[in-house]
Amino acid sequence: MQDKLGKADICLFLEGTYPYVSGGVSTWTHELIKTHNDKSFHLVACLPPGGDTTIKYEIPSNVKSISNIFLQELPEGVGKFNKKEMDAFFQKIEMPLLNLQTKPHLDELQKIFDILHSVGKPVGSKLLLNSEAVWRMLLRMYNTTLGNTCFLDFFWSWRALLGGLYSILLSPIPEANVYHSLCTGYAGLLLARAHMETGRPCIITEHGIYTNERRVEIASARWLDDQKAMDLNVNKKMTEKTLRDFWNDTFVGYSRMAYEAADVIITLFEGNQRLQLLDGASPDRMHVVANGIDIDKFIKIERKEGHPPTLALIGRVVPIKDIKTFIRACGLLQKSIPDLRAWIMGPTDEDIEYYKECAEIVDHLGLNNTVIFTGKVDITHYLGEVDVIALSSISESMPYVILEAGCIGIPTVATNVGACDEMIMGMKSEKPALGQGGAIAELANPKSIADEVLRLLTEKPYYESCSKAIKERVARYYNKSFQKEAYHQLYSTLVRLGQHQEQIERVHGRDWVRSTQAI
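Being a predicted model, the structure only gives us computed values, none of them experimental. Starting afresh in each chain, residues are numbered from 1 along the sequence in its written order. Per-residue local features of the predicted model are confined to residues with pLDDT of at least 70, and side-chain atom pairs are confined, for both listing and counting, to 80 or more; whole-chain, interface and lining totals are unaffected and use all residues. Hydrogens and water are ignored here; the side-chain numbers use all heavy atoms of the structure.

A. The arrangement of the overall build of the protein in detail. Under the DSSP-based scheme used, a helix requires at least four consecutive residues in state H or I and a strand at least two consecutive residues in state E, with every element numbered from the N terminus. Counting secondary structure elements, the protein contains 19 helices and 13 strands. Summarising its shape, the C-alpha atoms of the protein cover approximately 80 × 55 × 40 Å along the three principal directions. For the protein, buried positions account for 55% of its 519 residues. Every residue pair with non-hydrogen atoms within 4.5 Å of one another is taken to be in contact. Long-range contacts, defined here as pairs at least 24 residues apart, represent 75% of the contacts in the protein between residues at least 6 apart. Accessible area of the protein: about 23,400 Å², with a carbon and sulfur share of 51%. Positive charge is attributed to Lys and Arg, negative charge to Asp and Glu, and no charge count is given to His or to the chain ends. Think of each charge as sitting on NZ of Lys, CZ of Arg, CG of Asp or CD of Glu. For the protein, the centre of its 57 positive side-chain charges and the centre of its 64 negative side-chain charges are spaced 4 Å apart. Throughout, exposure labels follow a simple rule: accessible area from a 1.4 Å probe, protein chains only, divided by the maximum for the residue type, with under 20% read as buried, over 50% as exposed, and the rest as partly exposed. Each accessible area is a Shrake-Rupley result for a 1.4 Å probe, and residues are judged covered by the shown protein chains and nothing else.

Now the structure itself:
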């Protein structure tokens, strides 16, 4: 592992977020780095092929480097292999690749890594993706695993997944005392690799659960036109599985290996831990560290009167936020509240086609004077005139907006995803119970959202009760200082441990340290 900029205290592994995409996880990452300005960071970002690298944040000075891994984009590889060498290579790597599907384990990942790096020649796309030998391996795999599916779909699925795996295993990783991944998936694979190569302490912080979000994405993927995927029988044999199973199993396997590598597995709320356990996380490594906000910043916002009844959705205009359901809810609400004002506050440029579809629905429902797309804004300039927050998301982790609005007594109506229920209705362990700070609505149900918002906007005693409860809950449980202290303790302890390991390696060598860790 080479890094001309030297070792950092912490290396963050990121996927589809900071610093190139704005949103909740990116904001969390930005604040984490700024808050721990006594630590240095390397950032490694996993991006789709040709991904946009326009930086959306002002990078803090304690970031030493940013490197990108474009998934599926491999160097061509300069090594030349004859037919005998290529066949021998793929015969060795075939079984570990298959095992990642059926019994994912770090040992199998280590075998693949060792095979890739033991041939004595630089390997790349020429051998791994485009050779006749890999074609023969894929044919064998197809016939023994998913021979009942469309071969063309199988071919492109394998090529995409293998390309992603190889790009992770062939890219350089910066040196650091601690490795910290902000999801499982490909970033989690990097964490597994860092664990295998360095033995340094490893952390995972999951906001949403990666495999859960991938299942939603894969289930709705039109390009996987696989009719057998509609068969929900859980007792399917490998030969009866579908390509959607194939994709899902791959990412579950990546999660299992990331959990196996991690010394500490953090999530934002208790509800996520059940899903982590299902994907193989060890209970003795699991912790909850809730998001917190800078209460002093938001508490200063003055709530104004004399404005139209105002509803706000704060989030990116992308399908996972189900903006269309929110717009339809606004249409229903407007029939009862003609002067309703509804703001959609978030960037509209991440999925232009989806934004256009949303704008068409606004136009079709005659809501052009009601629903307003503000784009990305500083919400502190708007919250003073917001009466209710609404979140119609299909998936969330722990939305900051519930806390930021709740801090000044604005209730939220949200779907029951992520930590929304705990944040709005209170944790089971909350004593004394503070009451509900808004309401939970049904997924993809505009009427359910509209009914709950209407009650808040028209029943003053109910509104005041919810307002008081959410304000007290944020102050009691979600102060940023609690989160800051938890990561300060964790980073300080693990960085010292990483430094101690380095000192031992200087005396005894890395191989000796790794052998003792394996005992």
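B. Spotlight on helix H9 (residues 243-261). Here H9 contains 19 residues, and its C-alpha end-to-end distance of 27 Å stays within 8% of the 27 Å for a straight helix at 1.5 Å per residue. Counting buried positions over the 19 residues of H9 gives 17, a clear majority of the element. An expected span of 1.5 Å times one less than the residue number is assigned to each helix.

C. Examining unusual backbone geometry more closely. A cis amide bond, omega 0°, links Tyr18 with the succeeding residue Pro19. Position of Pro19 relative to the elements: it lies in the loop between strand E1 (8-15) and helix H1 (24-35). Non-glycine residue Gln72 carries a positive phi angle of around 75°. Inspection of the secondary structure puts Gln72 in the loop between strand E3 (63-70) and helix H2 (83-102). Under the relative-accessibility criterion, Gln72 is labelled partly exposed at 36%. Of note in the backbone geometry, Asp322 takes a positive phi value of approximately 50° without being a glycine. One can find Asp322 in the loop between strand E8 (310-314) and helix H12 (323-336).

D. The arrangement of the confidence of the model for the protein in detail. Residue-level confidence of the predictor, termed pLDDT, takes values from 0 up to 100. Confidence in the prediction for the protein averages 91 pLDDT; 93% of positions are at 70 or higher. Contacts from residues 229-235, a stretch scored under 50 in pLDDT, to residues over four places away or in other chains number four contacts.

E. Just the side chain of Thr205, in detail. Looking at the element boundaries, Thr205 is found in strand E5 (residues 202-206). Leaving out residues up to four positions away in the same chain, Thr205 has contacts with Trp28, His180, Ser181, Leu182, Cys183, Ile266 and Tyr487.

F. Representation of the sheet that holds strand E4 (residues 176-181). Pairing is parallel across the open sheet formed by seven strands, whose spatial order is E3-E2-E1-E4-E5-E6-E7. At either end of the open sheet lies a strand with only one pairing partner, and these are E3 and strand E7 (286-288). Each strand of the sheet is rotated relative to its neighbour by a mean of 20°, with strand direction disregarded. Criterion used throughout: strands pair if DSSP finds at least two bridges between them. Two strands pair when backbone bridges link them, and E1 and strand E2 (residues 41-47) are joined in this way by six bridges, in the parallel orientation. Across the sheet, Ile10 pairs through a bridge with Phe41, a residue of E2. Between the N-to-C directions of two axes lies an angle of 0 to 180 degrees, each axis being a line fitted to C-alpha atoms and, for a helix, fitted only over the stretch in contact.

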